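# Overview (structure and organization)
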Amino acid sequence: NAGVTQTPKFRVLKTGQSMTLLCAQDMNHEYMYWYRQDPGMGLRLIHYSVGEGTTAKGEVPDGYNVSRLKKQNFLLGLESAAPSQTSVYFCASSLTINTEAFFGQGTRLTVV
Amino acid sequence: KQEVTQIPAALSVPEGENLVLNCSFTDSAIYNLQWFRQDPGKGLTSLLLIQSSQREQTSGRLNASLDKSSGRSTLYIAASQPGDSATYLCAVRSGGATNKLIFGTGTLLAVQP
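This write-up is about the structure you can find in this document. Remember, it's a predicted structure, so these values are computed and weren't measured experimentally.

Cut-offs used in this document
- Here, residues in each chain are numbered from 1, in the same order as that chain's written sequence.
- Numbering of ligands from 1 and lettering of chains from A proceed in the order in which they are written.
- With the structure being a predicted model, the display of local features is reserved for residues of pLDDT at least 70 and the display and counting of side-chain atom pairs for 80 or more, all residues being used for whole-chain, interface and lining totals.
- As a convention, hydrogens and water are excluded, and side-chain values are obtained from all of the structure's heavy atoms.
- Note on terminology: disulfide denotes any pair of cysteine sulfur atoms within 2.5 Å.
- Helix and strand definitions follow DSSP, with helices as H or I runs of at least four residues and strands as E runs of at least two, each counted in order from the N terminus.
- Classification of residues uses two cut-offs on accessible area relative to the type maximum, computed with a 1.4 Å probe and protein chains only: under 20% is buried, over 50% is exposed, and between them is partly exposed.
- Contacts between residues were defined by any pair of non-hydrogen atoms, one from each residue, lying within 4.5 Å.
- Here the term cavity refers to a set of points on a 1 Å grid, laid over the protein atoms alone, in which a 1.4 Å probe fits but cannot get out; the term pocket refers to an open set having protein on both sides within 12 Å along at least five of seven lines, with lining residues being those that place an atom within 4 Å of a point.
- Grid points are joined across faces, edges and corners, and a volume is the space filled by probe spheres set on the points.
- Residues were grouped as follows: Ala, Val, Leu, Ile, Met, Phe, Trp, Tyr, Cys and Pro as nonpolar; Asp, Glu, Lys and Arg as charged; and all remaining residues, including Gly, as polar.

## Concerning the state of the cysteines
Here is the idea: a disulfide is a covalent bond, and it sits between the sulfur atoms of two cysteines. For the coordinates displayed, the defined rule picks out 2 disulfides over all chains. Between the sulfur atoms of Cys23 of chain A and its disulfide mate Cys91 of chain A the distance is 1.8 Å. Judged by the sign of its S-S torsion, about -75°, the bond between Cys23 of chain A and Cys91 of chain A is left-handed. Of this pair, Cys23 of chain A sits in strand S3 (residues 19-25) while Cys91 of chain A sits in strand S9 (residues 87-94), placing them 68 residues apart in sequence. For the residue pair Cys23 of chain A and Cys91 of chain A, the accessibility class agrees, reading buried in each case. Covalently, Cys23 of chain B is tied to Cys90 of chain B through a disulfide, its sulfur atoms 2.0 Å apart.

In structure tokens, the structure reads:
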């Protein structure tokens, strides 16, 4: 059972480039979340999804887009990367609102 | 807007000591609260999930309590060990239609041998 898998684990982008981070879970979870973690700021919610085909904005959604076309996948897109988006990105999932959330191992993104 | 605070930001204790980590939240309308552990450069590992209807939850040397009306939770670690050194995070699942999982900024724990 792989749990929550994030791809890639590391990436360096130039300012203005685009990329997509993939989160895949094999637990048939309904809820999926994307966070960024920055020193001194903690984990901040970017976007989340409460089921296939749904997405919603979190605390810091600007500059990011998401899609949940398949239940098991939650994609986070950066259309035009900026240095302020340098961060560690975490994906999480849970079966329902009443069950544990499980996290992936993170993607370390550097924008130069 | 739900805000989650963890105090202290950092804590250093000698091995064997019992300790308490604190988490407070501003909106008591929550579904549950979850405690996590994060080792440097790693992802988050779930420790305990406590539902809004529960007062406490135990796993091994860990005990989490929840006082929803006062917006507080504590994580009690008994007989601390150097391997317990990590950052401990609490997160609340907001009630209503938002279903967001909101995190505190964490407590960095160092257990000295």
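Here the narrative resumes.
## Section: the environment of Glu30 of chain A
All names here are of chain A. Structurally, Glu30 can be placed in the loop between S3 and strand S4 (31-38). The sequence separation of Glu30 and Gln72 amounts to 42 residues, and the corresponding C-alpha distance is 8.4 Å. Filtering out sequence-adjacent residues up to four positions away, Glu30 remains in contact with Ser49, Val50, Gly51, Glu52, Arg68, Lys71, Ser94 and Leu95.

## Structural notes on the layout of surface pockets
Roughly 560 Å³ of internal volume is contained in the largest pocket. Along the wall of the largest pocket there are 28 residues; nearest its centre are Gln37, Val88 and Phe90 of chain A together with Gln38 and Gly41 of chain B. Elements represented by at least two residues in the lining of the largest pocket include exactly S4, S9 and strand S11 (107-111) of chain A together with strand S9 (86-94) and strand S11 (107-112) of chain B. Here the element with the most residues in the lining of the largest pocket is S9 of chain A; it accounts for 3 residues. Here the residues of the lining of the largest pocket are counted per class, giving 9 nonpolar, 14 polar and 5 charged. Volume-wise, the second largest pocket comes out at about 210 Å³.

Geometry only, nothing functional implied.
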